[in-house]
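Report on the structure
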Amino acid sequence: MLGDIPINLALFCAVDKMVSLLGIPVRSTLSQSILKAALFFVPGAMIRNPCFICFVTPLEHCAYNLRDGRTFTCDWESCMETVNRKLSEDLSTIVATAAIMWMPVNSVTFWLIPPAFRTIWTSGFTVIWCTYLSMVQHKLPISSSATQDELTGAHRSNPKTD
């Protein structure tokens, strides 16, 4: 999350400079702010989210290997298969969810939040976003041999009804 602050500062400045060439001021109307949010979204979500999967998945793999007394690269092929699976199965959902969350947040940011407070404002929402990314990153893959009930523990019998 703290790593996003310099990136966000740079992106906010870049978007403001880019649209100033079109005559759009730093404090803009709602429709101008939606345009700014879209320009912010592309590097903000379309690039960062695949990078998140490609960075965090191998990092966790290495951490688990160390924890279990193995070398960093033990079973690296499996790790790369997991990265590819997450990119193919999860990335489109992550990007769609990012649009649902970040387009309104960034529209409000460019419309109502003074430039000096944009990064602080956005960082609050980044906590929520990182929680969502963690949930997606740590979801259990559903295999053909396990049902959703088995994964969630719903198959356990209830002693009161048995």
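Residues numbered from 1 in each chain as written. Predicted model: local features only at pLDDT ≥ 70, side-chain atom pairs only at ≥ 80, totals over all residues. Heavy atoms only, no water.

**Re the confidence of the model for the chain**
Fine structural detail should not be taken from predicted coordinates in areas where pLDDT scores are low. The pLDDT averaged across the chain works out to 82; a share of 85% of its residues lies at or above 70. Low confidence marks residues 150-159, where pLDDT is under 50. Its contacts with residues over four positions away, or in another chain, come to 9 contacts. (pLDDT = per-residue confidence, 0-100. Contact = heavy atoms within 4.5 Å.)

**Topic: the pattern of salt bridges**
Pairs may arise between side chains of opposite charge once their charged atoms sit close together. Applying the stated criterion across every chain, the model contains 6 salt bridges. For Asp16, the salt bridge identified is with Lys36, shortest N-O distance 3.0 Å. Of this pair, Asp16 sits in helix H1 (residues 4-20) while Lys36 sits in helix H2 (residues 30-67), placing them 20 residues apart in sequence. Taken individually, Asp16 and Lys36 each receive the classification buried, so the pair is uniform in this respect. In this structure, the salt-bridge partner of Asp16 is Arg118, at a minimum N-O distance of 2.7 Å. Here the residue Asp16 occupies a position in helix H1, and Arg118 occupies one in helix H5 (residues 118-137), the gap between them amounting to 102 residues. With relative accessibility at 12%, the residue Asp16 sits in the buried group. Several salt bridges share partner residues, and in doing so they unite Asp16, Lys36 and Arg118 into one network. (Salt bridge = Lys/Arg side-chain N within 4 Å of Asp/Glu carboxyl O. Helix = DSSP H or I, 4+ residues; strand = E, 2+ residues; numbered from the N terminus. Buried < 20%, exposed > 50% of the residue type's maximum accessible area, 1.4 Å probe, protein only.)

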